[in-house]
Amino acid sequence: MLDAPFARLQPMDFRLCLAPLKGVTDAVFRTTFASFFEGVDWAVTPFLSTPKGMRVKPSFLKDVLPENNRLMPIVPQVLSKNAENFIPLALALWDLGYERVNWNLGCPYPRVANKGRGSGLLPDPVAVERFLDRVSAAMPNRLSVKMRLGRHRADEIFRLMPVLNRYPIEAITIHPRTGVQMYQGTPDLDVFERCLALCRHPVIYNGDIVDPAGFDALRRRFPGISSWMIGRAAVADPFFCDTLKGRRWQGSERNEIFKAFHDTLYERYSEKLFGPSHLLDRMKGLWAYFARSFEQGNMVRKKINKSRNVRQYEEIVSDFFQGEPVWR
Ligand SMILES: Cc1cc2nc3c(=O)[nH]c(=O)nc-3n(C[C@H](O)[C@H](O)[C@H](O)COP(=O)(O)O)c2cc1C
């Protein structure tokens, strides 16, 4: 395994968290990422949904097992509306050594939200209060929350804030969009600002941090925020978080490091996933992000999407790197 090929970054006055992206930022991705890049301080894992029944099977916890997460500190995330299911999972995570658990109150997908989970709980402060009441009395772990502004409307959060303020929540990550917006439109920074004034817990900002200038503008507008969560841009450009912390690369360095990162991911997924079609699907999913970082990204993405087997995939990627692709 390659070590990060550069000196340690200077400590900064902010911390960066890798956002959970289900199907993307799994343990293999996080660990490989951390062996090449230093800009991410910690990650929230993609959600574990609470299993039916009280018993938590070990296979269910694979992605968060400490032995699969040695290089990047993680906070496991749980998606649930039911305290009776949440508590045994929080306890199982405690037994694995996790002092922190994150509760998903933001998932926008209709099949989740329609069942009153994720962002589906946001319009219901009474249900949130009932949940927090049960859970905070029964779990030893510290709880944090990741949420949107609301499910249907951005002002739903104003009815939730007094409830959240009553419980010992370690931090609240706010992605200032509604659930029904999914990823459309722009984050509502005015509503976010009002939330900051109302929230008595530390707040982490998340959403559309995609370039250093935009990040600087957010830091200037919200100087009290010390932690920032970044998702899609950190996957698309794995150098992004290091860049925000002041790291620069010379000449062909980026391509060399990125190729080594890609090759390591590919090798590890080929060991972990069952069968070449799963491997191919996983790599196609990753290139949907990586492609955004290159001038030739659209072209290589189309070719990769058409590849029918791993040999074709390997050839396309090898040609791509030999052509010395240009970073946007
Ligand atoms: C494919 C995908 C999967 C996601 N999975 C999760 C998840 O498991 N848990 C969660 O809280 N958010 C999830 N999110 C939301 C992200 O964590 C993040 O809030 C969102 O992408 C906005 O941040 P960004 O603009 O920096 O990407 C997901 C987003 C995407 C695009």
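Residues numbered from 1 in each chain as written. Predicted model: local features only at pLDDT ≥ 70, side-chain atom pairs only at ≥ 80, totals over all residues. Heavy atoms only, no water.

Enquirer: Any chance you could explain the pattern of salt bridges here in plain terms?
Expert: Think of it this way: side chains of opposite charge can pair up when their charged atoms draw near. This model, assessed by the stated rule, comprises 19 salt bridges. Residue aspartate 208 pairs with arginine 177 through a salt bridge whose shortest N-O separation is 2.8 Å. One end of the pair, aspartate 208, is in the loop between strand S9 (203–206) and helix H7 (212–221); the other, arginine 177, is in strand S8 (residues 169–178), and 31 residues separate them in sequence. Since its relative accessible area comes to 32%, aspartate 208 is described here as partly exposed. Linking aspartate 263 and lysine 259 is a salt bridge whose minimum nitrogen-to-oxygen distance equals 2.7 Å. Separated by four residues within a single helix, aspartate 263 and lysine 259 lie in helix H10 (residues 253–272), roughly one turn from each other. With relative accessibility at 30%, the residue aspartate 263 sits in the partly exposed group. Three or more residues are tied together by salt bridges with common partners; here these are Glu99, Arg100, Arg142 and Glu170. (Salt bridge = Lys/Arg side-chain N within 4 Å of Asp/Glu carboxyl O. Helix = DSSP H or I, 4+ residues; strand = E, 2+ residues; numbered from the N terminus. Buried < 20%, exposed > 50% of the residue type's maximum accessible area, 1.4 Å probe, protein only.)

Enquirer: Would you take a moment to explain the pairing of strand S10 (residues 227–230) for this structure?
Expert: It is a general feature of regular strands that their side chains alternate between the two faces of the sheet. Here S10 shows a buried face lined by Ser227 and Met229 and a second buried face lined by Trp228 and Ile230. As defined by bridge partners, S9 adjoins S10 across two bridges and the pair is classed as parallel. Along S10, the bridge assignment pairs asparagine 206 with methionine 229. Viewed along the sheet, the connection from S9 through H7 into S10 turns out right-handed. (Pairing = 2+ DSSP bridges. Right-handed = clockwise from strand over helix to strand, strands pointing away.)

Enquirer: Please clarify how the packing of H10 against helix H11 (residues 276–290) should be interpreted in this entry.
Expert: The packing of two helices is summarised by the inter-axis angle and the distance between the axes. Orientation of H10 relative to H11, taken along the N-to-C sense of each, is 155 degrees, at an axis distance of 10 Å. By the angle class used here, H10 and H11 are roughly antiparallel. In this structure, H10 crosses over H11, and the sense of that crossing is right-handed. On H11, the residues touching Phe258, Phe261, His262, Leu265, Tyr266, Tyr269 and Ser270 of H10 are Leu279, Arg282, Met283, Leu286, Trp287 and Phe290. A breakdown of the residues in the contact of H10 with H11 according to their chemical character gives 10 nonpolar, two polar and one charged. (Axes fitted to C-alpha atoms, helices over the stretch in contact; angles between N-to-C directions. Parallel < 35°, antiparallel > 145°, perpendicular 65-115°, else oblique. Left-handed = near helix turned anticlockwise from the far one by under 90°. Contact = heavy atoms within 4.5 Å. Nonpolar A, V, L, I, M, F, W, Y, C, P; charged D, E, K, R; others polar.)

Enquirer: Even after reading the chapter, I still don't get the site of the ligand, so can you show me in this structure?
Expert: Among the 18 residues in the neighbourhood of the ligand, the closest are listed as Pro20, Gln77, Asn206, Asp208 and Arg232. At a separation of 2.7 Å, a nitrogen atom of the ligand approaches a polar side-chain atom of glutamine 77. Within the contact set of the ligand, an oxygen atom lies 2.9 Å away from a side-chain nitrogen or oxygen of lysine 146. Split into classes, the residues belonging to the shell around the ligand amount to eight nonpolar, six polar and four charged. (Near = heavy atom within 4 Å. Polar contact = N/O pair within 3.5 Å; in protein donor to acceptor, adjacent residues only side chain to side chain.)

Enquirer: Is there a simple way to explain H10 in this structure?
Expert: Think of an α-helix as 3.6 residues a turn; residues three or four steps apart then line up on the same face. The end-to-end C-alpha distance of H10, which contains 20 residues, comes to 29 Å, matching closely the 28 Å that a straight helix rising 1.5 Å per residue would cover. Residues Arg254, Asn255, Ile257, Phe258, Ala260, Phe261, His262, Thr264, Leu265, Tyr266, Arg268 and Tyr269 constitute the buried set of H10. Buried-residue contacts for H10 involve helix H1 (27–36), helix H9 (240–244), H11 and helix H13 (310–322). (Expected span 1.5 Å × (residues − 1).)

Enquirer: Honestly, the sheet that holds S8 in this entry has me stumped. Any pointers?
Expert: Strand pairing in a sheet relies on backbone hydrogen bonds. The paired strands run either parallel or antiparallel. Strand order in this open sheet of 10 strands is S3-S5-S6-S7-S8-S9-S10-S1-S2-S4, and the pairing throughout is parallel. One side of each edge strand has no neighbouring strand; the edge strands of this open sheet are strand S3 (48–49) and strand S4 (74–75). Relative to the sheet, helix H4 (residues 125–138) contacts strand S6 (100–105), strand S7 (142–150) and S8, its axis offset from that of S6 by approximately 165 degrees.

Enquirer: Help me understand the nonpolar core, please; the structure alone is not making it clear to me.
Expert: Most often, soluble globular proteins keep nonpolar side chains buried together rather than apart. The biggest cluster of nonpolar side chains holds 107 residues, and the ones touching the most others in it are Phe86, Trp103, Leu132, Met147, Ile174, Trp228 and Trp287. Other than its neighbours up to four places away in sequence, tryptophan 287 contacts Phe258, His262, Phe294, Val300, Arg301, Ile304, Tyr313, Val317, Phe320 and Phe321. (Core = buried A, V, L, I, M, F, W, Y, C linked by side-chain atoms within 4.5 Å.)

Enquirer: How do you make sense of the state of the cysteines when you look at a structure like this?
Expert: Here a disulfide denotes one covalent bond, and it connects the sulfur atoms of two cysteines. With the rule as written, the count across this model stands at zero disulfides. Here cysteine 241 is not disulfide-linked; the sulfur of cysteine 17 is the nearest cysteine sulfur, at 9.3 Å. Residue classification places cysteine 241 among the buried positions, given a relative accessible area of 1%. (Disulfide = S-S within 2.5 Å.)

Enquirer: So what exactly am I meant to see when it comes to unusual backbone geometry here?
Expert: Backbone geometry follows two general trends: most residues other than glycine have a negative phi, and most peptide bonds adopt the trans configuration. For methionine 182, which is not glycine, the phi dihedral falls at a positive 55 degrees. The class of methionine 182 is partly exposed, set by a relative accessible area of 25%. The phi dihedral of glutamate 324 is positive, around 45 degrees, even though this residue is not glycine. Its place among the elements puts glutamate 324 in the segment after H13.

Enquirer: Sorry if this is basic, but what is going on with the packing of aromatic side chains here?
Expert: The geometry of two aromatic rings is summed up by the distance between their centres and the angle between their planes. Enumeration according to the criterion identifies 31 aromatic pairs in this entry. A centroid spacing of 3.9 Å and a plane angle of 5 degrees characterise the contact between tryptophan 103 and phenylalanine 131, whose relative ring orientation is stacked. Pair noted here: tryptophan 103 is in strand S6 and phenylalanine 131 is in helix H4, with a separation of 28 residues, a long-range link. A relative accessible area of 3% means that phenylalanine 131 is categorised as buried. Across from the ring centre of tyrosine 183, 5.0 Å away, lies the NZ or CZ of arginine 148, which sits over that ring. (Phe/Tyr/Trp six-rings, centres within 6.5 Å; stacked < 30°, edge-to-face > 60°. Lys NZ or Arg CZ within 6 Å of the ring centre and 35° of its normal.)

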